[in-house]
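Read off the chains here:
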Amino acid sequence: MSQRSLSQKDVERLLAAPDAQARIDTMTHLVRDLEAGDLAEAERALAMDILQRFAADAVTAVREAVAWQIHNSSLLTEGLAEKLARDVDRVAFPILRHAEKLSEGLLLDILRERRPAKELAIAGRRSVPPAVSDALVRNGNVIVITELLRNRGAVIAEPSLHSVLDRWGGVATVNEAMAARPDLSAAVVEKLILFVSEEIRNRLIRSHRLNPRLIGVLVERAREAVTLLLLKPLTPREADVELLARHLLIRGRLSAPLLFRALCAGEIALFDAGMAVRANLPPENARQLAWDGGPHALKGLFAKAGLSFTLLKPFRVAIAVAKALDYRGGDDGRERFQTEAIATLFDACGNSQDREIDDLLLQLFDQTSAEVIEKALEQAGMPFSPLST
């Protein structure tokens, strides 16, 4: 190409190649010649025009090829970088992951799209400023957060680290990734030590010169607090749970999160009654659909109750745990069921990229969830009386 000048006719011919692969091959040669620096000024201007048009090609594969070809090239202008970064996930990924010509403001703007693939690309950038890290944490995708924690080039402010632990500290991939970071404050290490395995805990004790006896006390206290928080059952004094469920429905409080919390707390009767009331079905019909109706029955019950199908999986997992343990509610076996349900739910659903599922699982670790339920019961005109522990 450097042996002759490109005419406008050449430009149109190159852009008109009917086959996408042919256009990709042309673009590859074009980038090579541009980077070699052998083109005359007029020829280079035409070549850049062709490159810009390829970056706007109707075929995604062509735009994706452009992004991968120039993500670390001097040909990538700020304007072209922004254009490609705002494209579909496949096109944007190499730019968001590797291109340095992206402003913090642009990255924050893109994160407002809540696109998991784009979030993952940004989390793995060579350098991630604190504001971008905080936005990634607030978006709440556990896979993205794990990638961010593993990235030594990511600067994560202490409040963001505390937020991660408050929401996802019980997830092994998260706490292990955080434990490997070299820049943790004493306050973060103290909180982190409560979540990690014994092996990682010992590594933290050695690397941060912590007192093992103090750590033992902290861990024991944390276990007691978490047990009180997670295993506190919902035990309204009102015997008629169907009446309670109707009160909650009338007050607009019989939500999927409350039903999920009731199920995982072992309040099977309240869960059954709540599903029946929401679906406007006799309690026995709802119970059979939820527990004995096969794989499609619960989905039908969800549809009748107006619940999102996205949330089917975590509900199914919790129900499967109860059936496997032959747990039917009540105090006998409650703690074992709750512990097993929480562990199984995070194994099965912890890596979900769906925000609805993420938010639902957070009900199990959200320190305000018990207060929210208590308030809902109070607004429904029902008292809240947790079991003594």
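Rules behind the numbers
- Residues numbered from 1 in each chain as written.
- Predicted model: local features only at pLDDT ≥ 70, side-chain atom pairs only at ≥ 80, totals over all residues.
- Heavy atoms only, no water.
- Helix = DSSP H or I, 4+ residues; strand = E, 2+ residues; numbered from the N terminus.
- Buried < 20%, exposed > 50% of the residue type's maximum accessible area, 1.4 Å probe, protein only.
- Contact = heavy atoms within 4.5 Å.
- Areas by Shrake-Rupley, 256 points an atom, 1.4 Å probe, with all protein chains shown as cover.
- Salt bridge = Lys/Arg side-chain N within 4 Å of Asp/Glu carboxyl O.
- Phe/Tyr/Trp six-rings, centres within 6.5 Å; stacked < 30°, edge-to-face > 60°.
- Arc of directions from axis to C-beta.
- Core = buried A, V, L, I, M, F, W, Y, C linked by side-chain atoms within 4.5 Å.
- Polar contact = N/O pair within 3.5 Å; in protein donor to acceptor, adjacent residues only side chain to side chain.
- pLDDT = per-residue confidence, 0-100.
- Axes fitted to C-alpha atoms, helices over the stretch in contact; angles between N-to-C directions.
- Parallel < 35°, antiparallel > 145°, perpendicular 65-115°, else oblique.
- Left-handed = near helix turned anticlockwise from the far one by under 90°.
- Nonpolar A, V, L, I, M, F, W, Y, C, P; charged D, E, K, R; others polar.

## Some words on the overall build of the protein chain
Okay, so step 1: Counting its regular elements, the protein chain contains 24 helices and zero strands.
Okay, so step 2: A buried classification covers 46% of the 389 residues belonging to the protein chain.
Okay, so step 3: Within the protein chain, contacts between residues separated by at least 24 positions form 63% of all contacts whose residues are at least 6 apart in sequence.
Okay, so step 4: Split by element, the accessible area of the protein chain, about 19000 Å² in all, is 50% carbon and sulfur.

## A short note on the pattern of salt bridges
Okay, so step 1: All chains considered together, the criterion is met by 17 salt bridges.
Okay, so step 2: Residue Asp49 pairs with Arg53 through a salt bridge whose shortest N-O separation is 3.0 Å. Pair noted here: Asp49 and Arg53 are both in helix H3 (residues 41–54), with a separation of four residues, about one helical turn.
Okay, so step 3: A salt bridge links Arg86 to Asp109; the shortest N-O distance between them is 2.8 Å.

## What to know about the packing of aromatic side chains
Okay, so step 1: For the structure shown, the criterion picks out five aromatic pairs.
Okay, so step 2: For the ring pair Phe271 and Trp291, a centre distance of 6.3 Å and an interplane angle of 85° mean the geometry is edge-to-face. A residue pair is termed long-range when its members are at least 10 positions apart, and Phe271 in helix H18 (residues 268–279) and Trp291 in helix H19 (residues 283–291) qualify at 20 residues. Assigned by exposure class, Phe271 and Trp291 land together as buried.
Okay, so step 3: Ring geometry for Tyr327 versus Phe337: centroids 4.9 Å apart, planes at 15°, classification stacked. Residue Tyr327 is located in the loop between helix H21 (312–324) and helix H22 (334–349), and its partner Phe337 is located in helix H22; the two are separated by 10 residues in the primary sequence.
Okay, so step 4: Tyr327 gets classed as buried once you look at its relative accessible area, which sits at 6%.

## A short note on the environment of Leu34
Okay, so step 1: By the element assignment, Leu34 lies in helix H2 (residues 20–36).
Okay, so step 2: For the pair Leu34 and Arg44, spaced 10 residues apart in sequence, the C-alpha to C-alpha distance is 6.8 Å.
Okay, so step 3: Excluding residues that lie within four positions of it along the chain, Leu34 makes contacts with Leu39, Arg44, Ala47, Met48, Leu51 and Leu75.

## Examining helix H16 (residues 241–250)
Okay, so step 1: Those residues of H16 not exposed but buried are Leu244, Ala245 and Leu248. Buried positions in H16, seen along its axis, are confined to an arc of 100° and lie on one side of it.
Okay, so step 2: Residue Gly252 follows H16 closely and has a positive phi angle near 70°.

## A word on the nonpolar core
Okay, so step 1: Counting 64 residues, the largest nonpolar core has Leu51 and Leu84 as its most contacted members.
Okay, so step 2: Ignoring sequence-local partners within four residues, the contact set of Leu51 consists of Met27, Leu30, Val31, Leu34, Val66, Ile70 and Leu75.
Okay, so step 3: The next biggest cluster of nonpolar side chains, apart from the first, holds 42 residues, and it includes Trp291, Leu298, Ala305 and Ala341.

## Considerations on the side chain of Asp87
Okay, so step 1: With respect to the helices and strands, Asp87 occurs in the loop between helix H5 (78–85) and helix H6 (89–98).
Okay, so step 2: A residue is classified by how much of its surface remains accessible, and Asp87, at 15% relative accessible area, is buried.
Okay, so step 3: A polar atom in the side chain of Asp87 sits 2.7 Å from the side chain of Arg63.
Okay, so step 4: Apart from the residues within four sequence positions on either side, Asp87 is in contact with Arg63, Ala92 and Lys118.

## Focus: the confidence of the model for the protein chain
Okay, so step 1: Per-residue confidence for the protein chain gives a mean pLDDT of 78, with 75% of residues at or over 70.
Okay, so step 2: Overall, residues 1–7 carries pLDDT values under 50, and its contacts beyond four positions in sequence, including any with other chains, amount to 19 contacts.
Okay, so step 3: The low-confidence segment residues 234–239, where pLDDT is below 50, has 16 contacts with residues more than four positions distant or belonging to other chains.

## A look at the packing of H2 against helix H4 (residues 60–70)
Okay, so step 1: In the contact formed by H2 and H4, the axes pass within 9 Å of each other and the chain directions differ by 20°. On the basis of their axis angle, the class for H2 and H4 is roughly parallel. H4 is crossed by H2, and the crossing has right-handed handedness. Taken together, the residues of H4 that come into contact with H2 (itself represented by Ala20, Arg23, Ile24, Met27, Thr28 and Val31) are Ala61, Val62, Ala65, Val66, Gln69 and Ile70.
Okay, so step 2: Here the residues of the contact of H2 with H4 sort into nine nonpolar, two polar and one charged.

## Points about the packing of H5 against H6
Okay, so step 1: Running from N to C, H5 and H6 cross one another at 130°; their axes reach a closest spacing of 7 Å. The orientation of H5 relative to H6 falls into the category oblique. When H5 is examined against H6, the residues Ala81, Leu84 and Ala85 are found in contact with a partner set consisting of Val91, Ala92, Ile95 and Leu96.
Okay, so step 2: Grouping the amino acids of the contact of H5 with H6 by side-chain chemistry returns seven nonpolar, no polar and no charged.

## Overview of unusual backbone geometry
Okay, so step 1: Phi at Asn280 takes a positive value of approximately 55°, unusual for a residue other than glycine.
Okay, so step 2: Tracing the chain through its elements places Asn280 in the loop between H18 and H19.
Okay, so step 3: The exposure class assigned to Asn280 is exposed, which follows from its relative accessible area of 67%.
Okay, so step 4: Its identity is not glycine, yet Asp326 carries a phi of approximately 55°, on the positive side.
Okay, so step 5: Topologically, Asp326 is positioned in the loop between H21 and H22.
Okay, so step 6: What makes Asp326 exposed here is its relative accessible area of 52%.

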